[in-house]
Amino acid sequence: MMLGDAASLVVGVLALWLGARLLVTGAARLASAAGVSALVVGLTVVAFGTSAPEIVVSTGAALEGRGGVAVGNVVGSNVFNLGVILGLVAVIAPFRVAEQLLRRDVLAMAASTVVAAAVLATAVVSRLEGAVLLLLLGAYLGALVVAVRNVGDSNATDGREAASHESADGASTAEVASGEVSVRFGLEVGRVVGGLALVIVGGRLLVDAAVGLALAAGVSEWVVGATVVAAGTSLPELVTSVVAARRGDTSIAAGNVVGSNVFNVLGVLGIAAAVRPLAVDPGVFLALAWLAVLTVFATAVLATGRRLTRLEGATLVAFGAGYWIVSIAG
């Protein structure tokens, strides 16, 4: 039985990874074609796309009455994001955040962590609290849309002025280009749909296998959710951020981590609680303390624009790994 669950766990993680890659790539290309900046894509499309596994896993766990897996996945994923992923980004390419947009979202991440602590402190996340979290997510997205629109107005104006100078001879070329764009659009939509399907299947396999292994090994569902499941659903964030860092796109890498953490707390936890009230395992308080320390450190570095060094990155990775050791040992 354990061998079958272990095989299902591996298949589930691989499906999540491949599905999220397809989903993020397709969504990012669609957003880029719409004229959205790389940073905004990192904060929204990429961040939310890589959080798709968390949505599927936590919502599925909530429907099955496994609140420990649902909540542990959210908190554990955020610890993994800030500790391991942000740390690895700094180790690969030390960076300083200069964009005001990202600084604002770092503060939003810190605020969402405070909200999570307040909600989880009662040991039960109700449907009403889930609805409130989703409303806060809507407000955050609304503020981001307004900021993006303000930044994009000048670009749109420049584009219209350039378009007004096109010659009639370019009409046929434009028609051909339009056809090519339509084909690419269809391919990217197919990529997004296929990726989403893999994420859903992989998420189901991951939860079932993790719960089976937990029961067989005598480990609580909370520990499995906060470690194995959390790391598995965070693989898309890990791959995306590391690839972006290696390419020198540290703003996208950092934006992916920040945006994912905001979405995990407000979106994933909100959806899961709205589907079914979640019972909180006592282990969440230690995990929240761990997350609070990481969030304070990340906020202090990113929001102030100070350089995140390789040594600090290595410290973050060690702290993230320490969370696993403490959680399993406890």
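Residues numbered from 1 in each chain as written. Predicted model: local features only at pLDDT ≥ 70, side-chain atom pairs only at ≥ 80, totals over all residues. Heavy atoms only, no water.

Enquirer: Describe the overall build of the chain, with residues and values.
Expert: Counting its regular elements, the chain contains 12 helices and 2 strands. In the chain, buried positions account for 48% of the 330 residues. Of the contacts made within the chain by residues no fewer than 6 positions apart, 88% connect residues no fewer than 24 positions apart. Looking at the chain as shown, the accessible area adds up to about 14,400 Å², and 69% of this sits on carbon and sulfur atoms. (Helix = DSSP H or I, 4+ residues; strand = E, 2+ residues; numbered from the N terminus. Buried < 20%, exposed > 50% of the residue type's maximum accessible area, 1.4 Å probe, protein only. Contact = heavy atoms within 4.5 Å. Areas by Shrake-Rupley, 256 points an atom, 1.4 Å probe, with all protein chains shown as cover.)

Enquirer: Can you break down the nonpolar core residue by residue, with the values?
Expert: In terms of nonpolar packing, the biggest core is built from 64 residues, with Leu86, Leu120 and Leu278 touching the most fellow members. Contact partners of Leu120, with chain neighbours within four places excluded, come to Val71, Val75, Val125, Leu269, Val280, Val284, Phe285 and Leu288. (Core = buried A, V, L, I, M, F, W, Y, C linked by side-chain atoms within 4.5 Å.)

Enquirer: Talk me through the packing of helix 8 (residues 221-233) against helix 9 (residues 235-246); I want residue IDs and the actual numbers.
Expert: Axis separation between helix 8 and helix 9 bottoms out at 4 Å; the angle between their running directions is 45°. By the angle class used here, helix 8 and helix 9 are oblique. Counted together, Ala231, Gly232 and Thr233 of helix 8 and Leu235, Pro236 and Glu237 of helix 9 form the full contact between these two elements. Class assignment for the residues of the contact of helix 8 with helix 9 results in 3 nonpolar, 2 polar and 1 charged. (Axes fitted to C-alpha atoms, helices over the stretch in contact; angles between N-to-C directions. Parallel < 35°, antiparallel > 145°, perpendicular 65-115°, else oblique. Nonpolar A, V, L, I, M, F, W, Y, C, P; charged D, E, K, R; others polar.)

Enquirer: So what's going on with the side chain of Thr227? Which residues, and what values?
Expert: Checked against the element boundaries, Thr227 lands in helix 8. One polar contact links the side chain of Thr227 to the main-chain carbonyl oxygen of Val223, over a distance of 2.5 Å. Beyond its immediate stretch of four places on either side in the chain, Thr227 contacts Trp324, Ser327 and Ile328. (Polar contact = N/O pair within 3.5 Å; in protein donor to acceptor, adjacent residues only side chain to side chain.)

Enquirer: For a nonpolar patch on the surface, give the residues involved together with the corresponding values.
Expert: A surface patch of nonpolar side chains, amounting to about 270 Å² of accessible area, comprises Leu128, Val132 and Leu136. By relative accessible area, which is 37% here, Leu136 ends up partly exposed. (Patch = residues over 30% accessible without salt bridge, like charges linked within 9 Å, V, L, I, M, F, W, Y side chains within 5 Å. Salt bridge = Lys/Arg side-chain N within 4 Å of Asp/Glu carboxyl O.)

Enquirer: Explain the confidence of the model for the chain to me, using residue names and the numbers behind them.
Expert: With 83% of its residues at a pLDDT of at least 70, the chain reaches an overall mean of 79. Low pLDDT (under 50) marks residues 153-169, which in the prediction has 0 contacts with non-local residues, meaning those over four places away or in another chain. (pLDDT = per-residue confidence, 0-100.)

Enquirer: So, unusual backbone geometry: which residues are in play, and what are the values?
Expert: Residue Ala123 is not a glycine yet carries a positive backbone phi of 75°. Mapped onto the elements of the fold, Ala123 is located in the loop between helix 5 (100-120) and strand 1 (124-125). Residue class for Ala123 comes out partly exposed when judged on its relative accessible area of 31%.

Enquirer: Before we move on, could you go through the environment of Thr315 and cite the residues and values that matter?
Expert: Note that Thr315 resides in helix 12 (residues 310-329). Accessibility expressed as a relative area gives 46% for Thr315, which makes it partly exposed. Spatially, the C-alpha atoms of Thr315 and Gly87 are 7.3 Å apart, while their sequence positions differ by 228 residues.

Enquirer: I'd like a rundown of helix 9, residues and numbers included.
Expert: Taking 1.5 Å per residue as the helical rise, helix 9 with its 12 residues ought to reach 16 Å, and the 16 Å between its terminal C-alpha atoms agrees with that figure. Across the 12 residues that make up helix 9, a large majority, 9, are buried. What helix 9 keeps buried is the set Pro236, Glu237, Leu238, Val239, Thr240, Ser241, Val242, Ala244 and Ala245. A positive phi of about 90° marks Gly248, the residue just after helix 9. (Expected span 1.5 Å × (residues − 1).)

Enquirer: Would you mind going over the packing of aromatic side chains in detail, with residue names and values included?
Expert: Under the criterion given, the structure shown has 2 aromatic pairs. Summarising the aromatic geometry, the rings of Trp290 and Tyr323 are spaced 6.2 Å apart at their centres and angled 55° between planes, so their arrangement reads as tilted. Taken together, the residues span a long stretch of sequence, with Trp290 in helix 11 (residues 284-303) and Tyr323 in helix 12 at a distance of 33 residues. In this structure, Trp290 and Tyr323 share a single accessibility class: buried. Through a chain of ring-to-ring contacts, the aromatic side chains of Trp290, Phe319 and Tyr323 assemble into a single cluster. (Phe/Tyr/Trp six-rings, centres within 6.5 Å; stacked < 30°, edge-to-face > 60°.)

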